[in-house]
Every structure is written in C-alpha cells, then in structure tokens.
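Next come the chains, spelled out residue by residue.
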Amino acid sequence: DGGITQSPKYLFRKEGQNVTLSCEQNLNHDAMYWYRQDPGQGLRLIYYSQIVNDFQKGDIAEGYSVSREKKESFPLTVTSAQKNPTAFYLCASSIQGVSGPKNIQYFGAGTRLSVL
Amino acid sequence: AQKVTQAQTEISVVEKEDVTLDCVYETRDTTYYLFWYKQPPSGELVFLIRRNSFDEQNEISGRYSWNFQKSTSSFNFTITASQVVDSAVYFCALSEETSGSRLTFGEGTQLTVNP
C-alpha cells in the first residue's frame, strides 16, 4: 500500500545527543514536510522540501537539520542545539508542481521524541 | 500574515448530538485553500476536506458537512449524530497562493463523544 512511514514510533534523546527521525514515502510525491506538535497546540512547520536536493526552513527550523538526497526520503535530525526537543513530530508529503497551494498533504503516524 | 483560529479548545458531547467546530481564518490573498484534518488518538492526521476560496458551496459527506462563508472568513465543520469514533482532535488549516504549499494550522479542537 502507498503511504508515509515514520520511524521509530518512540525515541529518547540524551543530553548533547543528535538524533535522526526517519520519513519515507512511496506515493511518488515531490514535496515533503516536517512538523512539530506540542500538547494543545497546532502543527508548526520545521522544514520542507519541494524537490530533491533542495529544502527550505519553516517557522521553527533552529536546532534542526534535514537532507533530501532521494525523492522518497526526508530525514530530520534533532541536534543538541534544540534545547526543548520533547514533542510529537509529523512528516507529510504532497504532489508539488505549480498547483502547490491546493495540494493535499498526507501524513505519517508520527514519532514521539522525549529527553532522558 | 495568514492565521487560523479555532477558538474551541475542547468540546464534549453525548453520542447522537450534533456538534459544530468553528474555524476562522485571516489572509490577504484572494486565492487560498482551506482544509480540515482529523487526528485520532493514534496520532496520524487524516485529510477530510479541501475547499478553494472561489467555491462557497457548502459540502456534505455522510454525517459531515462544511459551511464556508467568505463574508465572515469562516469554514465551520458540523458532525451530525455524533458517534464515539468521532472523538479526535480536529484541525483547520490554510494555504495561500503566495505561500506555495505551506499550511498554516489552527490549534485544534479536541472533540470527545461520550456514549
């Protein structure tokens, strides 16, 4: 079945450690996104990529990094510079092209990151 | 700048009641799109509907209906005869032509349907 796979489901980070969240899609979508969700809050955009080897910062990119070497994959690294990383992280993808604003974003099941 | 407001943080109803979730948005664009997503306890966001700024027709899909009113910048969502399985967090979101595919989300409304 086509879809978006995020792994792991739960992740724990030690102080000073970088951790990487995986996001893979087999929908043949060009665009991919990372969001952060805190309790009782909406989703905030961290990074997005509209095409391979290109990505843009979202609203809260500080302390995070991404890469887009393959169309199917968009991993997110939470670096030690992110002082409050505990949150639920959601990855999404959409068909891109000139019709960008109307494209529906489809989401993975999320990764819950906690700090030890 | 674009903004989406969902003033109802939590709503609790008894099964079979009708419930309306409010969504108010702000944008300077004339071309924009509005979305509703459902987030069940499992965490994954599920797409429900998309509406563009030029189409103010209300939409009905089974027990779900949406009322889009440009005059009040609102895109409200009604569930008729609610069921326990409707319990979830519901998000309203906005994308603008000038912002490409970026979505701005409201803070969500937690709906609890009690048996």
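Higher on the page you've got the structure.
Conventions we followed
Residues numbered from 1 in each chain as written. Chains lettered and ligands numbered in written order. Predicted model: local features only at pLDDT ≥ 70, side-chain atom pairs only at ≥ 80, totals over all residues. Heavy atoms only, no water. Contact = heavy atoms within 4.5 Å. Buried area = accessible area lost by both parts, 1.4 Å probe. Salt bridge = Lys/Arg side-chain N within 4 Å of Asp/Glu carboxyl O. Polar contact = N/O pair within 3.5 Å; in protein donor to acceptor, adjacent residues only side chain to side chain. Helix = DSSP H or I, 4+ residues; strand = E, 2+ residues; numbered from the N terminus. Patch = residues over 30% accessible without salt bridge, like charges linked within 9 Å, V, L, I, M, F, W, Y side chains within 5 Å. Areas by Shrake-Rupley, 256 points an atom, 1.4 Å probe, with all protein chains shown as cover. Buried < 20%, exposed > 50% of the residue type's maximum accessible area, 1.4 Å probe, protein only. Phe/Tyr/Trp six-rings, centres within 6.5 Å; stacked < 30°, edge-to-face > 60°. Lys NZ or Arg CZ within 6 Å of the ring centre and 35° of its normal. Core = buried A, V, L, I, M, F, W, Y, C linked by side-chain atoms within 4.5 Å.

(A) Spatial organisation of the interface of chain B and chain A. Across the contact, 21 residues belong to chain B and 26 residues belong to chain A. If you sort the residues of chain B by the area they bury against chain A, Ser101, Arg102 and Phe105 of chain B come out on top, with a joint share of 32%. Applying the counting criterion to the chain B and chain A interface returns 1 salt bridge. When the shortest N-O distance is used, the salt bridge between Asp59 of chain A and Arg102 of chain B registers 2.6 Å. At the junction of chain B and chain A, the tally comes to 5 residue pairs in polar contact (both at pLDDT 80 or more). Of all elements in the fold, only β5 (32–39), β6 (46–52) and β10 (88–96) of chain B reach the threshold of two or more residues within the side of chain B that touches chain A. By residue number, the principal contributor to the side of chain B that touches chain A is β5 of chain B, which donates 4 residues.

(B) View of a nonpolar patch on the surface. All names here are of chain A. Together, Tyr10, Phe12 and Leu116 line one region of the surface with nonpolar side chains, adding up to about 380 Å² of accessible area. Among the secondary structure elements, Tyr10 is positioned in strand β2 (residues 10–13). Under the relative-accessibility criterion, Tyr10 is labelled exposed at 52%.

(C) Seen up close, the packing of aromatic side chains. Applying the stated rule across the entire model yields 20 aromatic pairs over all chains. On the numbers, 5.9 Å between centres and 65° between planes, the contact of Tyr64 of chain A with Tyr89 of chain A is edge-to-face. With Tyr64 of chain A in strand β7 (residues 64–66) and Tyr89 of chain A in strand β9 (residues 87–94), this pair connects stretches of sequence that are 25 residues apart. With respect to class, Tyr64 of chain A is no different from Tyr89 of chain A; both count as buried. Consider the rings of Phe68 of chain B and Phe75 of chain B, whose centres lie 5.8 Å apart with planes at 80°: the pair is edge-to-face. Residue classification places Phe68 of chain B among the buried positions, given a relative accessible area of 2%. Feature note: the residues Tyr33, Tyr35, Tyr48 and Phe107 of chain A together with Phe35, Tyr37, Phe47, Phe91 and Phe105 of chain B constitute an aromatic cluster, connected by ring pairs. Positioned above the aromatic ring of Phe74 of chain A, the side-chain terminus of Arg68 of chain A is 6.0 Å from the ring centre.

(D) Representation of unusual backbone geometry in the model. In the segment running from Ser7 of chain A into Pro8 of chain A, the intervening peptide bond is cis, with an omega of -10°. Tracing the sequence through the fold places Pro8 of chain A in the loop between β1 (4–7) and β2. The phi dihedral of Asn28 of chain A is positive, around 60°, even though this residue is not glycine. Along the polypeptide, Asn28 of chain A turns up in the loop between β3 (19–25) and β4 (31–37). Judged by its relative accessible area of 57%, Asn28 of chain A falls in the exposed class. Phi angles above zero are rare outside glycine, and Ser73 of chain B is one such case at about 50°.

(E) Expanded view of the nonpolar core. Residues and elements named next belong to chain B. Of all hydrophobic cores here, the largest spans 23 residues; its most connected members are Trp36, Phe77, Tyr90 and Leu111. When contributions to this core are tallied by element, the ones reaching two or more residues are β2 (10–14), β3 (19–21), β5, β8 (64–69), β9 (74–79), β10 and β12 (109–114). When residues in this core are grouped by element, the largest group, 4 residues, is from β10. Ignoring any residue separated from it by four or fewer positions in sequence, one finds Tyr90 in contact with Gln6, Leu21, Trp36, Tyr37, Lys38, Leu48, Tyr64, Phe77, Ile79, Gly108, Thr109 and Leu111.

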